[in-house]
Amino acid sequence: MPGEIEYHLVVICSIENEEKSNMVASLDQFRRQFPPLASMRGIQNYLKEQLIVSDAKIVADIQWAPAAIVDRENLSVRVVQSSRAGMGKSLIVKHLAERLARLPNNKKLREGLVLSLCPTIPVHGISVDGDRVTRTLLSHAVKRDIPVSRIFHLDVSQSVVKGLDSFLFKLVILRAVKDHSGNVWRRKPTDMYVVEITTDKSFGTLTTEDAVSNANYSQNTRKQLATSKYSFVKFLPRTRCLTPRETLNNIQRKKKGDTGFDMEKFRSEEYQRTFQYLTHFAEGSNLDQFSFRYVPSYFSVGDPVDALTIIIKYCGIRDPSWAELYHFVNFLNIQLRDCEESVFCNSELVGDLLQGFRTFAVRFMIQMSRLAGGATGNACARGREKT
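Conventions used here
Residues numbered from 1 in each chain as written. Predicted model: local features only at pLDDT ≥ 70, side-chain atom pairs only at ≥ 80, totals over all residues. Heavy atoms only, no water. Helix = DSSP H or I, 4+ residues; strand = E, 2+ residues; numbered from the N terminus. Buried < 20%, exposed > 50% of the residue type's maximum accessible area, 1.4 Å probe, protein only. Contact = heavy atoms within 4.5 Å. Phe/Tyr/Trp six-rings, centres within 6.5 Å; stacked < 30°, edge-to-face > 60°. Pairing = 2+ DSSP bridges. Axes fitted to C-alpha atoms, helices over the stretch in contact; angles between N-to-C directions. Parallel < 35°, antiparallel > 145°, perpendicular 65-115°, else oblique. Left-handed = near helix turned anticlockwise from the far one by under 90°. Salt bridge = Lys/Arg side-chain N within 4 Å of Asp/Glu carboxyl O. 1 Å grid on protein atoms, 1.4 Å probe; cavity = no way out; pocket = protein on both sides within 12 Å on 5 of 7 lines; lining within 4 Å. Points joined across faces, edges and corners; volume = space filled by probe spheres on them. Nonpolar A, V, L, I, M, F, W, Y, C, P; charged D, E, K, R; others polar. Domains from an automatic or database assignment.

Draft legend 1. Structural view of the environment of Leu-47. Along the chain, Leu-47 falls in helix H2 (residues 40-51). Relative accessible area serves as the criterion here: at 9%, Leu-47 is assigned to the buried category. C-alpha separation for the pair Leu-47 and Leu-236, spaced 189 residues apart in sequence, amounts to 7.0 Å. Ignoring sequence-local partners within four residues, the contact set of Leu-47 consists of Ile-173, Phe-235 and Leu-236.

Draft legend 2. Expanded view of the packing of aromatic side chains. Applying the stated rule across the entire model yields eight aromatic pairs. Ring centres of Phe-261 and Phe-266 lie 6.0 Å apart, and the angle between their planes is 65°; this geometry places the pair in the edge-to-face category. Residue class for Phe-261 comes out buried when judged on its relative accessible area of 10%. Taking the relative accessible area as the measure of exposure, Phe-266 reaches 3% and is therefore buried. Measuring from ring centre to ring centre gives 5.8 Å for Phe-261 and Trp-322, while their planes differ by 20°; the resulting arrangement is stacked.

Draft legend 3. Expanded view of the pairing of strand E3 (residues 77-82). Buried residues dominate E3, accounting for six of its six residues. Residues Val-77, Val-79 and Gln-81 of E3 are buried on one face, and the alternating residues Arg-78, Val-80 and Ser-82, pointing to the opposite face, are buried as well. Relative to strand E8 (residues 192-198), E3 is paired through six bridges, and the arrangement is parallel. Opposite Val-79, over in E8, you have Val-195 as the bridge partner. In the sheet, E3 pairs with strand E9 (residues 238-240) via three bridges, with the strands oriented parallel. By the bridge assignment for E9, Gln-81 is matched with Arg-240.

Draft legend 4. Representation of the packing of helix H14 (residues 322-341) against helix H16 (residues 357-372) in the model. Look at H14 against H16: their axes get within 9 Å of each other, and the N-to-C directions meet at 155°. By the angle between their directions, the pair H14 and H16 is classed as roughly antiparallel. Viewed along their axes, H14 and H16 form a crossing whose handedness is right-handed. Mapping the contact onto sequence places His-327, Phe-328, Phe-331, Leu-332, Gln-335, Leu-336, Cys-339 and Glu-340 in H14 and Arg-358, Val-362, Met-365, Ile-366, Met-368, Ser-369, Arg-370 and Ala-372 in H16.

Draft legend 5. Seen up close, the pattern of salt bridges. For the structure on display, the rule yields nine salt bridges. A salt bridge links Asp-71 to Arg-78, with the nearest nitrogen and oxygen atoms 2.5 Å apart. For Asp-71, a relative accessible area of 5% translates into the label buried. Judged by its relative accessible area of 3%, Arg-78 falls in the buried class. As a salt-bridge pair, Glu-246 and Arg-240 come within 3.9 Å of each other at their nearest N and O atoms. Judged by its relative accessible area of 30%, Glu-246 falls in the partly exposed class.

Draft legend 6. Structural context of the layout of surface pockets. Of the pockets and cavities examined, the second largest pocket occupies roughly 650 Å³. Lining the second largest pocket we find 27 residues, and of these Gly-88, Leu-91, Ile-92, His-95 and Gly-260 sit closest to its centre. If you list the elements that add at least two residues to the lining of the second largest pocket, you get helix H3 (89-101) and H14. With six residues, H3 is the single largest residue contributor to the lining of the second largest pocket. Looking at the lining of the second largest pocket, its residues break down into 11 nonpolar, eight polar and eight charged. Both domains that furnish three or more residues to the lining of the second largest pocket are identified here as domain 1 (40-241) and domain 2 (247-379).

What follows is the structure in structure tokens.
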């Protein structure tokens, strides 16, 4: 050849289909060991660097800030993951959407110009219907010159088994997906994509360092790892939602975690009322004389650690989710508020006749709220805390 340049042909075949390929079978004598891959951390860090977007641009005298700046690491793609439902994933998306609406360019948008700044795209079924998801994305298409920054919330159901990684790879890496009619949706750098997903036990195996090189695994195990629905998701930047008990342990040990106790919730009336009543009840105080006072968005009593500790103790579930904790707090708050308004629990009116009745009523309400909060049925399998 001119210049004696050596040319090489490399054939790459996915291991789950190699036995179906005649070409691979005929070239089997030339098979080579797959080269070592970078570490799990190395791949994750590289991908994270590529997904950072922080530069704003000027369009028609308007500073067009990318949606990624509402993310703590300025990432245009983030997975919000938990091992079970009710762990606050949707609350994280809600807070991101609230910060997104405050961006200067989004504030100046005319009403009705954009359907939603944070549309939710449900992804459900056993296999991801890429055509349907793409058409849903296309329904939110806007003109290129409209300076809008949006968050697309992909809400992935636990029932999804196939097709998730393939779709996300096209959307995140190739930056484009298309429907059956050939219409293309392109991922814009000014938009952010949040993938909400509840993972199963296999996700833990896939996120270990050995899962990348998997040199020590059998061929069947490697096939399972390669075809897992998390084989690409595991590389994306993610926020793992912690349980209330994990959050409490991190705070006590002064250890950082992906998520914490929402201070807005802690300062809310329902959490403050529940926390204060439970504190006085645990101390054996006379609740007949207790008076709850609350100043919205300004006044809070106690420490978040103490609040989380005592609410977990009395909710009736050893390791509750945030949803179970909220159901307990919400139900008890309503009962306590009704108790405060009842003439039978007003010590000034019936104190001489029904002394101690309010304390008795609160004790009963706590027990009733434990049941309403989920301390029955399957939740009991995780154990109870004794009051």
